Each structure stands twice: as C-alpha cells, then as structure tokens.
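Take a look at the letters that make up each chain.
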Amino acid sequence: MHILLTGSTGFIGRSVAAALARAGHTVHGGVSGRRPASGALDVPMDFARDTTPAAWLPRLAGIDAVVNAVGVLRDTPARPIDAIHHRAPAALFDACAEAGVRRVVHISALGIEANDTRYARTKRAADAHLLELAAQGRLRAAILRPSIVFGRGGDSSSLFMNLARLPVALLPGPLFTARVQPVAVHEVAEVVAALLGPASETEGIVECAGPEAVTLAGLVASLRQQQGRRPARLLRLPDVLTQLSARLGDAVPSAPWCTETLRMLGSDNVGNPAVFAQLLGRPGVHYRELVAAAWR
C-alpha cells in the first residue's frame with residue numbers, strides 16, 4: 001500500500017517507516033523543515049499550522065492508509081501542543097474520512113485517561129475524535145497507547161540510560177512509586193505494520209505494554225544491571241527539591257524534565273499486554289532485556 005506516515009523523522013516514526021518498508025509498503029512521510037526518514041518519500045507538512053481538512057486532502061491523493069506518529073512532550077510557541085496533538089490530527093482524520101482513506105493507525109499514549117495534564121487532555125481529544133469517526137463507519141481506526149517506549153534515539157531512554165550509569169543517583173519521589181510497562185520501539189513499529197496487514201481486523205484502542213510492570217527507579221536499576229554494572233545507590237530527592245528541579249526544567253524548553261512531566265509521573269502507566277502480544281505473535285520484550293533487544 002501507499003501509506004502516509006506523519007512524524008516519520010521522529011523516534012517512533014523512524015522505526016515505523018522501516019517496518020512498513022520491510023513489509024513492502026511505500027511510505028510517504030516527512031516533517032516540516034526536516035529530512036524524511038530513510039526510504040520515505042518527502043511530504044511537506046506542519047502540524048502547528050495544518051489544522052483544517054483542506055490542508056490534508058491534497059496529501060491523501062493515492063494514499064491507502066495513514067499512520068500518525070507525531071507527538072510532543074511540552075507546549076512551546078513553535079510547537080503548540082493543542083495543535084500538534086489535537087487540532088491537526090483531527091483535521092487529518094476528517095480528511096481521511098472525506099477522501100475515502102479507510103484505515104488509520106494513530107499512536108497515542110498509555111495512562112492519559114486519569115491524567116489532567118495538557119499532554120493527556122490533548123491526546124484524549126484526538127483519540128475521541130478518531131473513535132467517533134470510526135463509530136460512524138467513516139473509517140477503520142486503531143489507536144496504539146504505548147507505555148514508555150525504549151530504544152536508541154529516544155529522549156526518555158537516553159535519560160534513563162544516563163541515570164543507570166551513575167553509582168549514586170538522586171531521583172524524584174514519583175520514580176519510586178509510579179509503575180510502567182516499557183516496550184521496545186521496534187516492537188511498536190512491528191505492531192503498526194501488523195495492523196496494516198491484509199488479515200488484521202483489530203480496531204479500537206490497543207494498549208502497548210510490556211509483560212511486567214516496574215517502578216521507574218526499578219527500571220533504572222535494571223538498566224544498570226543489564227550493562228554489567230554493580231548496583232547503585234538510588235536516593236529519593238526531597239519533594240521540595242523535586243518541585244524546584246521541575247520548575248527549573250520549565251525554563252529549558254528542550255528539557256524532558258519539567259512540571260508537566262512531574263505531574264504525569266503521579267500515576268501509573270500500565271495496561272493489559274494481551275492484544276499487543278497477539279499482534280506481535282509473541283510476548284513483548286521484558287524490561288530486564290531492553291538493553292540487549294532495543295539499545296542498538
């Protein structure tokens with residue numbers, strides 16, 4: 001098929017582009033001002049501005065399916081989170097329904113249902129819009145909600161790997177309580193390709209979660225062990241200093257640590273891995289094997 005892949009230059013998008021190409025599809029992708037992923041045909045697009053169906057309809061000529069892999073962690077003037085997470089994807093989904101593109105795969109996030117951050121609210125809004133179009137019979141939709149996605153090139157993955165190299169680490173309090181079910185980035189990409197296979201009938205929300213939950217502090221400790229290092233001392237940063245460090249991160253737009261991240265860590269990021277494993281044809285990579293399987 002000819003597949004329009006948004007976010008093809010991003011961390012997840014690059015893996016998705018490669019998986020779709022391996023499956024024999026032609027990938028049309030690109031992000032404004034950046035080079036497309038290897039093997040992808042460049043399609044100019046700007047999620048900060050392309051918030052009407054009319055902006056997307058010309059890009060859908062000859063397209064059989066759409067995969068949306070665009071996402072940001074923080075709201076900035078150059079990358080407004082409401083446009084990127086909600087208004088532009090909703091416009092793209094409406095254009096798909098109008099143009100007759102019947103298959104849409106949208107990459108969202110796990111743990112957004114009980115979270116009131118702008119990140120979660122905007123993600124939920126796009127999910128709800130796509131599900132409504134599917135309920136009306138205007139297209140077939142699958143929404144992937146992954147827990148933490150691990151792999152080389154991911155900002156959070158690099159952060160956790162760097163923390164795992166420290167013999168002594170001061171970690172914010174939520175890292176000792178919030179549970180996650182990490183998944184390897186290449187397996188998320190494999191599931192996208194499986195959803196676009198001729199035999200796939202899976203629709204609706206698919207929770208992309210690893211086989212076992214672990215706290216973020218436990219994940220850091222495991223990553224250290226997987227690198228052959230001695231156990232580290234993981235110390236809890238006092239709450240006052242945690243809040244202060246997050247506010248300092250607010251002043252650095254490119255930093256992954258900020259008050260929004262701190263709020264998102266206040267709840268678990270876990271789900272049922274059954275459908276994810278079924279689409280893979282095997283259980284996902286266990287968090288104790290992430291370095292060998294995904295850090296390459």
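Residues numbered from 1 in each chain as written. Predicted model: local features only at pLDDT ≥ 70, side-chain atom pairs only at ≥ 80, totals over all residues. Heavy atoms only, no water.

### Considerations on helix α6 (residues 185–195)
Okay, step 1: Burial of α6 is extensive: nine of the eleven residues sit out of reach of the surface.
Okay, step 2: The set of residues buried in α6 consists of Val185, His186, Glu187, Val188, Ala189, Val191, Val192, Ala193 and Leu195. (Buried < 20%, exposed > 50% of the residue type's maximum accessible area, 1.4 Å probe, protein only. Helix = DSSP H or I, 4+ residues; strand = E, 2+ residues; numbered from the N terminus.)

### Here we look at the side chain of Thr76
Okay, step 1: Position of Thr76 among the secondary structure elements: in the loop between β4 (65–68) and α3 (81–99).
Okay, step 2: One polar contact links the side chain of Thr76 to the main-chain amide nitrogen of Arg79, over a distance of 3.0 Å. (Polar contact = N/O pair within 3.5 Å; in protein donor to acceptor, adjacent residues only side chain to side chain.)

### Things to note about the pattern of salt bridges
Okay, step 1: Taken as a whole, this structure holds 13 salt bridges when the rule is applied.
Okay, step 2: With its nearest N and O atoms 2.9 Å apart, the salt bridge here joins Asp127 to Arg145. Here Asp127, found in helix α4 (residues 118–135), pairs with Arg145, found in strand β6 (residues 140–146); they are 18 residues apart in sequence, far enough to count as distant.
Okay, step 3: Since its relative accessible area comes to 1%, Asp127 is described here as buried. (Salt bridge = Lys/Arg side-chain N within 4 Å of Asp/Glu carboxyl O.)

### Here's the deal with helix α5 (residues 155–164)
Okay, step 1: Buried within α5 we find Ser157, Phe160, Met161, Leu163 and Ala164. Looking straight down α5, one finds that the buried residues subtend no more than 160° of arc, so they occupy a single side.
Okay, step 2: At its buried positions, α5 is contacted by α1 (11–22), β7 (149–150), β8 (168–172), α7 (216–226) and α11 (290–294). (Arc of directions from axis to C-beta. Contact = heavy atoms within 4.5 Å.)

### Some words on the packing of aromatic side chains
Okay, step 1: Applying the stated criterion across every chain yields a total of two aromatic pairs.
Okay, step 2: With a centroid separation of 5.3 Å and 75° between ring planes, the pair formed by Phe47 and Trp56 is classed as edge-to-face. The same class applies to Phe47 and to Trp56, which are both buried.
Okay, step 3: Between Phe150 and Trp295 the ring centres are 5.6 Å apart and the planes differ by 40°, which places this aromatic pair in the tilted class. In this pair, Phe150 is assigned in strand β7 and Trp295 in the segment after α11, connecting sequence segments 145 residues apart.
Okay, step 4: Phe150 gets classed as buried once you look at its relative accessible area, which sits at 1%.
Okay, step 5: Here the guanidinium or amino end of Arg59 rests over the ring plane of Trp56, the centre of that ring lying 4.7 Å away. (Phe/Tyr/Trp six-rings, centres within 6.5 Å; stacked < 30°, edge-to-face > 60°. Lys NZ or Arg CZ within 6 Å of the ring centre and 35° of its normal.)

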